[in-house]
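Here is how the chains run, residue by residue.
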Amino acid sequence: MKRCSVCGADIREGARYCDQCGAPIPGACEGPPRDFWAERLAADTQDPKAAFPQPDPEDKPRSLPDPGNQTKCRRYLLPAVLLFLTLGIALAVWLLKPTANGQDPNLGTYYGVLCALEGTTLEAEGDWVELRARGKAKISLMGSIQNGTWRLRDGELTLDCGGQQLTGTLGQGVMQLRDAKLQYTLAKPEAAENLSTATEARENYDSWAGDYYGWWSIWTDEEPEDDFWDVCGRITVEGSQGQVTLWDTTCQPGELLCLAEVEFFPGSTPRGCLRSLSGRFRDRELEPGDWDFDPGITIVKNLDGAVMLLGDYQPKGQCLIFLLPWGMDWEAVEQMEEKKKPYLDMLPAHYADWYLPKIREGKTMPDHFPKHFLREKTWE
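Cut-offs used in this document
Residues numbered from 1 in each chain as written. Predicted model: local features only at pLDDT ≥ 70, side-chain atom pairs only at ≥ 80, totals over all residues. Heavy atoms only, no water. Helix = DSSP H or I, 4+ residues; strand = E, 2+ residues; numbered from the N terminus. Buried < 20%, exposed > 50% of the residue type's maximum accessible area, 1.4 Å probe, protein only. Contact = heavy atoms within 4.5 Å. Areas by Shrake-Rupley, 256 points an atom, 1.4 Å probe, with all protein chains shown as cover. Pairing = 2+ DSSP bridges. Salt bridge = Lys/Arg side-chain N within 4 Å of Asp/Glu carboxyl O. Phe/Tyr/Trp six-rings, centres within 6.5 Å; stacked < 30°, edge-to-face > 60°. Lys NZ or Arg CZ within 6 Å of the ring centre and 35° of its normal. Core = buried A, V, L, I, M, F, W, Y, C linked by side-chain atoms within 4.5 Å. Patch = residues over 30% accessible without salt bridge, like charges linked within 9 Å, V, L, I, M, F, W, Y side chains within 5 Å. Polar contact = N/O pair within 3.5 Å; in protein donor to acceptor, adjacent residues only side chain to side chain. Lys, Arg positive; Asp, Glu negative; His and termini not counted. Charge placed at Lys NZ, Arg CZ, Asp CG, Glu CD.

A. Molecular detail of the overall build of the protein chain. When you go through the protein chain residue by residue, the secondary structure sums to six helices and 18 strands. For the protein chain, the proportion of its 380 residues judged to be buried stands at 38%. Sequence separation of at least 24 residues holds for 46% of the intrachain contacts in the protein chain that already meet a minimum separation of 6. Split by element, the accessible area of the protein chain, about 23300 Å² in all, is 52% carbon and sulfur.

Here's what the structure looks like:
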């Protein structure tokens, strides 16, 4: 048996180092000699963990993703992306929206045609209103140019300029503006040709005069749709002013539903416009402008001679009076588009059993309804 050349201890078969002193066995080791005691000393005197690589404290271990959380993320990610894209597209459309008249027929410049101050006709040449996109306006009236805003709802126009507010109507290229004293008619060039001059319109105010038949109702959420009253009426005209008298199936002979003073002025058709000045409708006082009717920009524009007066009837709601000239059948009314009808059945209650027989016999309008038609004043 071989012995260690250093300590003399027996060397077991196949050993590369002496089991007693750790000295390398000649011929059994390859490579550089190993300092057994230096390694042993280092292992004994230093932190055992020092011999192994330690992780950087800033290098935090990563946890594996939770499959459930991934599913939730995917579930909300797609709607969020779609919402973001939708808002982005909408914003881009709004910012890049063309302002040409083809996009909104109401945009453009309206030039003065007629101006009346307390009934006196003034020169309107040089006055204009430009309606721009997104509710902006440039206004030149009475020699003053200002920036303003405008809004349009159901044909009713509101124009704010320099702290002053004008209201009126807008449609078919014609703008009507008015306050307590001032009345303006402006039009786009293509529409001005169809407007009458002040003289022509005043001559045509006589077309309002005559006898009328129809119905009236108070518009409330609680009121049933078929609760309206037959009404007869008469409009008289003298120059640019006139009078409206009405009686219905709650009126005794000689009693009136309405007596109103009105004025006429140029509008979008040769008939002009009708506007209330004063008077009473039952127990309600009529104020200037409570009734403001331009037949050319309402649902009755295709009904010859029709009158539709709409006004507040507080605290109940709004009052609507719908009239056609006496002697005219209502076939055209029945053929109106349903979405344009104030009521699905536009015929007065006694249209078939009382009105039609009378006009077929050529009877003139009576000044009261038959007694058996009379109803209680349940609407008050």
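B. Summary view of helix H6 (residues 351–360). Among the residues making up H6, those that are buried are Tyr351, Trp354, Tyr355, Leu356 and Ile359. On its buried side, H6 packs onto strand S10 (210–219), strand S11 (229–238) and strand S18 (317–325). Downstream of H6 by a residue or two, glycine 362 has a phi angle that is positive, lying close to 75°.

C. Just the pairing of strand S7 (residues 164–171), in detail. Relative to S7, strand S6 (residues 156–161) runs antiparallel, the two sharing six bridges. In the sheet register, glutamate 156 faces S7, and the bridge partner there is threonine 169. If you look at the hairpin formed by S6 and S7, you'll find two residues sitting between the two strands, and glycine 162 has a positive phi there, around 55°. As paired strands, S7 and strand S8 (residues 174–178) are joined by five bridges and run antiparallel to one another.

D. Quick look at the pattern of salt bridges. All chains considered together, the criterion is met by nine salt bridges. Of the charged contacts, one joins glutamate 130 and arginine 132 as a salt bridge, the two residues approaching to 3.3 Å between their closest N and O atoms. The class for glutamate 130 is partly exposed, based on a relative accessible area of 24%. Here the residues in one salt-bridge network are Asp248, Glu255 and Arg282, joined through shared partners.

E. Fine view of the pairing of strand S9 (residues 182–187). The buried fraction of S9 amounts to six of the six residues, a majority that puts the element mostly inside the structure. Alternating positions in S9 separate into two faces, Leu182, Tyr184 and Leu186 on one and Gln183, Thr185 and Ala187 on the other, with burial throughout. Sheet topology note: the strand S1 (residues 108–117)/S9 ladder contains six bridges and is antiparallel. Across the sheet, cysteine 115 pairs through a bridge with tyrosine 184, a residue of S9. Where S8 and S9 come together, five bridges link them in antiparallel fashion. Each bridged residue has a counterpart across the sheet, and for arginine 178 the counterpart in S9 is glutamine 183.

F. Structural context of the packing of aromatic side chains. The full count for this structure, using the stated rule, is 18 aromatic pairs. Measuring from ring centre to ring centre gives 4.4 Å for tyrosine 213 and tyrosine 355, while their planes differ by 10°; the resulting arrangement is stacked. Note that tyrosine 213 is positioned in strand S10 and tyrosine 355 in helix H6, a separation of 142 residues in sequence. Note on accessibility: tyrosine 213 and tyrosine 355 belong to one class, buried. Taken together through their ring pairs, the aromatic side chains of Tyr213, Trp215, Phe228, Phe322, Trp326, Trp330, Tyr351, Trp354, Tyr355, Phe369 and Phe373 make up a single cluster. Taking NZ or CZ as reference, arginine 271 lies 4.1 Å from the ring centre of tryptophan 208, over its face.

G. The nonpolar core, seen in detail. By size, the foremost hydrophobic cluster in this structure holds 55 residues, and its most contacted members are Phe281 and Trp330. Within the residue set of this core, elements represented by two or more residues are S10, S11, strand S12 (241–248), strand S13 (258–265), strand S14 (273–281), strand S17 (307–313), S18 and H6. By residue number, the principal contributor to this core is S18, which donates six residues. Phenylalanine 281 has contacts with Trp216, Leu246, Leu257, Cys258, Leu286, Trp291, Tyr313, Cys319 and Ile321, leaving out every residue within four places of it along the chain. Leu107, Ala124, Leu141 and Leu170 belong to the second largest nonpolar core, which has 21 residues in total.

H. Representation of unusual backbone geometry within the structure. One non-glycine residue with positive phi stands out, namely arginine 134, at about 60°. Of note, the phi angle at arginine 282 is positive, near 55°, even though the residue is not glycine. Along the polypeptide, arginine 282 turns up in the loop between S14 and strand S15 (284–285). On the basis of relative accessible area, arginine 282 is assigned to the buried category, the value being 12%.

I. Main features of a nonpolar patch on the surface. Taken together, Leu117, Leu122 and Met142 make up a surface patch of nonpolar side chains, about 250 Å² in accessible area. Within the fold, leucine 117 resides in strand S1.

J. The side chain of aspartate 248, seen in detail. Considering the arrangement of structural elements, one finds aspartate 248 in strand S12. Polar contacts involving the side chain of aspartate 248 include one to the side chain of tryptophan 216, which spans 2.9 Å. Within the structure, aspartate 248 has its side chain in polar contact with the side chain of threonine 250 (distance 2.7 Å).

K. Quick peek at a negative patch on the surface. Together, Asp329, Glu331, Glu334 and Asp345 give the surface a local cluster of negative charge. For glutamate 331, the location among the structural elements is in helix H5 (residues 331–334).

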